[in-house]
Amino acid sequence: MPIIVDNNISLEKTKDYRLSIQSNLSGFSFSVLDPAGMKCLYLRKSDFSIATDGISEYLKKCSKMVESIPLLKKEYGKVTVITETEKYSLVPIAQFKERDILKQLSELYVIEDDEEVSFKIVEELDLVIIFAANSTFLNIIRRVQESFESIPSIYLVLKVMLKRKDHNKLYLSYCKGRADVTVFIGSQLMLCNSYPAEDFTTAIYFAFLALKQAFINPENTTVFIHGDLYIPEIQLLSKYFPMVKYFRSRKIPLGSSSLEMKYSFLTIL
């Protein structure tokens, strides 16, 4: 399991730190952050993924790995588990009823037996995100961390995009099989959705479709990119958009573009 960042973490001070855990199509990863010093102390990723191993084998490997890493069993000031899922819905706070979340999400997606439905409030937008997360994975984490906050990655996207001062903003994340697109005009959310995308050309198509639906000119739009994107894909985007930026945490940047596009969710406080 590759260690990406190792800043000689002090195991005696973990109660002052934040543990962030991420599960997505690219695999399992986690970071230990020092909120006071605004620093990433430790970042590690798996050498297996859902895409290569399938969900059943992936979960077995996650279980073995989590049990084998003492750092994951320490006590932290805060623990967050981030799930990248396409099964989510945005509901106005005024229309939100917690008792109905399973029913509401089931109207849009097939909720499997091994998925649990939860919600996260986005106060700045007066919205609630209802989402499904793999319960087997969450229970694996519960074996080493009794209490944690479960959030969908789209929650972090909305929080960060709101803070960016660019006027027309497009968030585009691509991982083979799925594209996530979010559009803002200033602080107004115009669109937020996931689309099936077997290749990056399809992902770009959905990005342009989203801008068309929001009546936004691509030439006046800043694109924030995330996911499995490489130089050819970024160069292609640059032909259509004047400003292409990496989706990253300004408080705790990871540095290289490849790291930002895969692990920046882990550094957002």
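Quick notes on the rules
Counting restarts for each chain, with residues numbered from 1 along the sequence as it is written. Two thresholds apply to this predicted model, a pLDDT of at least 70 for residue-level local features and 80 or more for giving and counting side-chain atom pairs, whereas whole-chain, interface and lining totals are computed over all residues. Excluding hydrogens and water, the side-chain values take into account all heavy atoms of the structure. Helix and strand labels come from DSSP, where a helix needs a run of H or I of at least four residues and a strand needs a run of E of at least two; each type is numbered from the N terminus. Partly exposed residues are those whose accessible area sits between 20% and 50% of the maximum for their type, while under 20% is buried and over 50% is exposed, using a 1.4 Å probe and protein chains only. His is not counted, nor are the chain ends, whereas Lys and Arg count as positive and Asp and Glu as negative. Counted as salt bridges are all cases of a side-chain nitrogen of Lys or Arg within 4 Å of a carboxyl oxygen of Asp or Glu. Identification of polar contacts relies on pairs of N or O atoms within 3.5 Å, with a donor-acceptor requirement for protein atoms, meaning one able to donate a hydrogen and the other able to accept it, and with residues adjacent in sequence counted only if both atoms are side-chain atoms. Only when DSSP finds a minimum of two bridges between them are two strands counted as paired. The convention used is that axes are lines fitted to C-alpha atoms, helices contributing only their stretch in contact, and that angles between N-to-C directions extend from 0 to 180 degrees. Any pair of residues with heavy atoms lying within 4.5 Å of one another is described as a contacting pair. Nine residue types can take part in a nonpolar core, namely buried Ala, Val, Leu, Ile, Met, Phe, Trp, Tyr and Cys, and a core is a set of them joined through side-chain atoms within 4.5 Å.

Any chance you could explain the side chain of Arg44 here in plain terms?
Within the element layout of this structure, Arg44 appears in strand β4 (residues 39–45). Buried charge Arg44 goes without a salt bridge, the closest partner of opposite sign being Asp6 at 8.2 Å. Separated by 3.2 Å, the side chains of Arg44 and Tyr42 make a polar contact.

Just to check I follow, could you spell out the sheet that holds strand β5 (residues 78–83) for this structure?
Paired through backbone hydrogen bonds, the strands of a sheet run either parallel or antiparallel to each other. Spatial ordering of the open sheet is given by β1-β4-β3-β2-β5-β9, a layout of 6 strands whose pairing is mixed. Two strands close off the open sheet at either side, each with one partner strand: β1 (3–6) and β9 (149–152). Pairs of neighbouring strands in the sheet enclose a mean axial angle of 20°, with direction left out of account. Bridge analysis of strand β2 (residues 18–24) against β5 gives 6 bridges, and the strand direction is parallel. Across the sheet, Ser20 pairs through a bridge with Thr80, a residue of β5. Here helix α2 (residues 55–68) sits on the sheet in contact with β2 and β3 (27–34), set at roughly 35° to β3. In the packing of helix α5 (residues 153–163) onto the sheet, contacts are made with β5 and β9, and the angle to β9 comes to roughly 70°.

Help me understand the side chain of Asn24, please; the structure alone is not making it clear to me.
Among the structural elements, Asn24 can be located in strand β2. Given a relative accessible area of 10%, Asn24 falls into the buried group. From its side chain, Asn24 meets the backbone nitrogen of Ser26 in a polar contact 2.9 Å long. At 2.7 Å, the side chain of Asn24 and the side chain of Glu84 are in polar contact. If we ignore the near neighbours within four places in the chain, the residues touching Asn24 are Ile50, Tyr58 and Glu84.

Looking at this structure, I do not really get the nonpolar core. What am I missing?
The tendency in soluble globular proteins is for nonpolar side chains to be buried as a group. Counting 60 residues, the largest nonpolar core has Ile21, Phe28, Phe30, Val32, Phe137 and Phe247 as the members making the most contacts within it. Top contributing element to this core by residue count: α5, with 8 residues. Sequence-distant contacts of Val32, defined by excluding residues within four places in its chain, comprise Ile9, Tyr17, Arg18, Leu19, Lys39, Cys40, Leu41, Tyr42, Leu71 and Tyr76. Formed by 25 residues, the second largest nonpolar core is a distinct cluster that contains Leu170, Phe206, Phe241 and Met261.

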